[in-house]
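# Descriptive analysis of the structure
Chain by chain, the residues:
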Amino acid sequence: MKSLFKFFAFAAPLMLAAALSAGTAVAQGSAIDAATTAVLADAKVVKALDAIKADDARALSEQKTITEIPAPPFKEKVRGSYLLKRFQELGFKDAAMDGEGNVLALRKGSGGSPKLVVSAHQDTVFAEGTDVTVKEKDGVFLAPGIGDDARGLAALLSMMQSLNDSGIATVGDILFVATVGEEELGNLRGVKALFRDHKDIDGFISIDGLGISRVVNQATGSHRYEMIFKGPGGHSFQEFGLPSAIHAMGRAIAKISDLQTPSDPKTTFTVGTVGGGTSVNAIAAEARMAVDMRSDSTEELLKLEARLLDLVKQAVTEENARWKTDKMTVEIKLIGDRPAGIVALDSPIVQATQRAVSVITRAPQVTFAGSSTDSNLAMSLGIPAVTIGGGGEGGNWHSRNEWYRPVDAWFGPQNALLTILVLTGLDGVTKPTLVARQTSK
């Protein structure tokens, strides 16, 4: 770690000049640099960072164990119970599972504020019954969910262990959370419950994904709908002339497919699933489809939503007009709502993460990106938040061929730990750089 300290002392002014532009931002950046330097000079911190690296093999074993505990959407309880047990074994005797299924453990600081949440999500996208056995081939581990987000959970546990074992004391409070409902139709129900029940949260970090040099500071918003088309149905020959739910849906899909959306801010749509009908020789009485819309801009997302919903209604009108009837209807249900948001590059939480990445990995630059993660909710509430990687390499997300390679995997929990300590403050060494929100006190 001494070499990391020397590197940072040399590189900090260069990083500062490249990343910041003026006045207040420069002052904030200087404060983050000074806090990072002081934290890295502390013997307990050096010990904790070294311990994380030494814990790498055990953390990988934990990652595989977590992967093999199924956690389908809305059925995370078995995995949650395991994580609750692990939280308690790491010294968090008061750890608990809330009513939504989140597992929480509070580590009090000496000053009582600010309060920073550090989280990873329990759930996977895979249905109940999916084979989640971890297989190894040439140093690569394959299993559904091994990277997303079993790695994040393993990194979280490794960091929690090193923090407690080293005896580090922070000024601010740290709330460790293993959330539920991050994936698919979980609709961020875990973090929605978290922020509903805890009004004193000042900052939020999600460990999700792998790459350390990629920091998510922009929340991609999404709206998801289920459209259910309904008509009288009937025999394809004897009742010919009645409107078809499948035909109405087809008209809607054709209209949606011709939509034009901006590339900046990136705005997208897709009809993800379709179904309906009972027989090849029957006029469909019911058909349904699920639609996903996303954008980095709330304004553009709402524009797209209004246009798309209008097209669906037009399709029903046209199907009815085709057969001179009013018997075709559509029921439109909102099934997913993830708010958009952004955290400025000069925010302390973004800058602290940027400095930590540069020190830990010596990456020439940090890439800032937009994505849909648990951080969406915090960002939409105006609470500083970032999503960072758990370490290692991987791919084929959300598929049964998901893979993981533990290359420099310890960078993940090391990066998270350093970021946390700079934000919450090291007792007797640095003050918190994360600002306590007056509205939460």
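For the structure given in this document, a descriptive report is provided here. Just so we're clear, the structure is a prediction, and the values are computed from it rather than from any experiment.

## A few points about helix α6 (residues 150-166)
For α6, spanning 17 residues, the distance from its first C-alpha to its last is 24 Å, which sits close to the expected 24 Å at 1.5 Å a residue. Of all 17 residues in α6, 14 are buried; the element is thus mostly enclosed. Positive phi shows up at Gly167, right after α6, with a value of about 75°.

## Examining the packing of aromatic side chains
Tallied over the full model, the rule gives 4 aromatic pairs. Centroid distance Phe92 to Phe176: 5.7 Å. Interplanar angle 75°. Geometry classified as edge-to-face. Taken as a pair, Phe92 in the loop between α5 (77-89) and β1 (96-97) and Phe176 in strand β6 (residues 173-179) lie far apart in primary sequence, 84 residues in all. Residue classification places Phe92 among the buried residues on the basis of a relative accessible area of 6%. The exposure class of Phe176 is buried, given its relative accessible area of 0%. Where Trp410 meets Phe411, the ring centres are 5.8 Å apart and the plane angle is 75°; that geometry is what we call edge-to-face. Of the two residues examined, Trp410 and Phe411, each falls in the buried class. In this structure, Arg322 packs its charged tip against the face of Trp323, placed 3.7 Å from the ring centre.

Basis of the calculations
Residues numbered from 1 in each chain as written. Predicted model: local features only at pLDDT ≥ 70, side-chain atom pairs only at ≥ 80, totals over all residues. Heavy atoms only, no water. Helix = DSSP H or I, 4+ residues; strand = E, 2+ residues; numbered from the N terminus. Expected span 1.5 Å × (residues − 1). Buried < 20%, exposed > 50% of the residue type's maximum accessible area, 1.4 Å probe, protein only. Phe/Tyr/Trp six-rings, centres within 6.5 Å; stacked < 30°, edge-to-face > 60°. Lys NZ or Arg CZ within 6 Å of the ring centre and 35° of its normal.

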